[in-house]
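Here is what each chain is made of, one letter per residue.
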Amino acid sequence: MINHLIAFFLGFVLDQIIGDPMNFPHPIRLIGSLISFLDKKLLGDTSDSASSRKTGKEKALGLILCFLVIGITVLITGVISVVSYMLNTYLGILVEAVLTCYILAARSLKVESMKVYYALREGDIEKSRYAVSMIVGRDTKCLDEAGITRAAIETVAENTSDGVIAPVIYTFLGGPILGFAYKSINTMDSMVGYHNDRYEHFGFFPAKLDDIVNFLPARISALLMILAAFVLGRDFSGRNAFKIFLRDRYNHKSPNSAQTESVCAGALGVRLAGDAYYFGKLVKKPFIGDDLRQVEPIDIKRACKLMLCTTYLCVIVLYLMAGSITIFM
């Protein structure tokens, strides 16, 4: 357990310092390639009309996809972890730390979202649209400055839960094996969990599984984010964060996404969400938060600050819990 706690801390620090190095092989991209390969092999061509395809068969294929992706990911991660520790304890700690760094994503979330902030600060609307298109799933070509800002804030808020806190929790509890198992589920959801003609049924189980594994982390993230809003003080309102969380935490089709979005909207005193275009189609969505003031580009920076504080609080709580367990064992 001590080796794991040391490795996790080193991996967490590595993520804070270097994040995801560009043009460097990344396990998550390899998982994405595996999902893309299996998608083509299992589902194949879906040019036929949706009505002529078998719903049950496509759902079953989606379930097979889950088993294969998670199984292969766990097997490879397990072999790497076990063999490295068998060869040498220090090598095992180093390998686990590097794998942990790959799983965690706080720095990369901040870096990518801050690209939007810097582009907006420069007044380059096209550059900011491109930057935000790299981190959101909605159409961005027609977004104005406020729309771009809201999209970036929403992404930081939502990903604080499923992109940062959930990986921290799962990796802390089960090492890289459980951490990568979670990331494989999350990556499947991001690739095939869409409500469109191709993935409506094939992506059913990946999407539902993602909802399940994120159910508790999303709520833990929201509570920690409320605490972070109180801790940060200036520019944030912990009281309003709690108020909007209670009121708007289910204003989303996902049972998890609005948990942290509602807290962030309340903490910043802005209104998020609302209607948006996806793949050229208007999707009607409820608002989250109150329109107390207009969003401004610096709110992206504030959202990142809230995300990082939430992350630090989560790690502190986890280590305090681990320390308590160690003392009483």
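Just so we're clear, the structure is a prediction, and the values are computed from it rather than from any experiment.

**Q** How should the nonpolar core be read in this particular structure?
**A** Side chains of nonpolar character tend, in soluble globular proteins, to be buried together. Of all hydrophobic cores here, the largest spans 84 residues; its most connected members are Val69, Val116, Val132, Ile153, Cys264 and Leu306. No other element matches the 19 residues that helix H7 (residues 145-192) contributes to this core. Once residues within four sequence positions are removed from consideration, Ile153 is found in contact with Cys264, Leu268, Leu272, Val295, Asp299, Ile300 and Ala303.

**Q** What is the right way to look at the packing of aromatic side chains in this model?
**A** Any aromatic ring pair is given by two values, namely how distant the centres are and how the planes are angled relative to each other. Enumeration over the complete set of coordinates arrives at 8 aromatic pairs. Ring centres of Tyr117 and Tyr118 lie 5.4 Å apart, and the angle between their planes is 55 degrees; this geometry places the pair in the tilted category. Accessibility expressed as a relative area gives 8% for Tyr117, which makes it buried. Following the ring pairs from residue to residue traces out a cluster consisting of Phe8, Phe172 and Tyr319. Positioned above the aromatic ring of Phe204 is the side chain of Lys59, whose terminal nitrogen or guanidinium carbon lies 4.2 Å from the ring centre. Of note, Arg249 hangs over the ring of Phe245, and the distance from its end group to the ring centre comes to 5.4 Å.

**Q** Please clarify how the state of the cysteines should be interpreted in this entry.
**A** A covalent bond between the sulfur atoms of two cysteines is what we call a disulfide. Under the criterion given, the structure shown has 0 disulfides. Take Cys304: it sits in no disulfide, and the sulfur closest to it among the cysteines is that of Cys264, at 9.3 Å.

**Q** Looking at this structure, I do not really get the pattern of salt bridges. What am I missing?
**A** Oppositely charged side chains can form a pair if their charged atoms are brought close together. Under the counting rule described, the total for this entry stands at 11 salt bridges. Its salt-bridge partner being Glu122, residue Lys127 comes within 3.5 Å of it at the nearest N-O pair. Its relative accessible area of 42% is what places Lys127 among the partly exposed residues. Asp290 is paired through a salt bridge with Arg247; the nearest N and O atoms lie 2.8 Å apart. Separated by 43 residues along the polypeptide, Asp290 in the loop between strand E4 (287-288) and helix H11 (298-328) and Arg247 in helix H9 (residues 238-248) bring together distant segments of the chain.

Thresholds, definitions, all that
- Residues numbered from 1 in each chain as written.
- Predicted model: local features only at pLDDT ≥ 70, side-chain atom pairs only at ≥ 80, totals over all residues.
- Heavy atoms only, no water.
- Core = buried A, V, L, I, M, F, W, Y, C linked by side-chain atoms within 4.5 Å.
- Buried < 20%, exposed > 50% of the residue type's maximum accessible area, 1.4 Å probe, protein only.
- Helix = DSSP H or I, 4+ residues; strand = E, 2+ residues; numbered from the N terminus.
- Contact = heavy atoms within 4.5 Å.
- Phe/Tyr/Trp six-rings, centres within 6.5 Å; stacked < 30°, edge-to-face > 60°.
- Lys NZ or Arg CZ within 6 Å of the ring centre and 35° of its normal.
- Disulfide = S-S within 2.5 Å.
- Salt bridge = Lys/Arg side-chain N within 4 Å of Asp/Glu carboxyl O.

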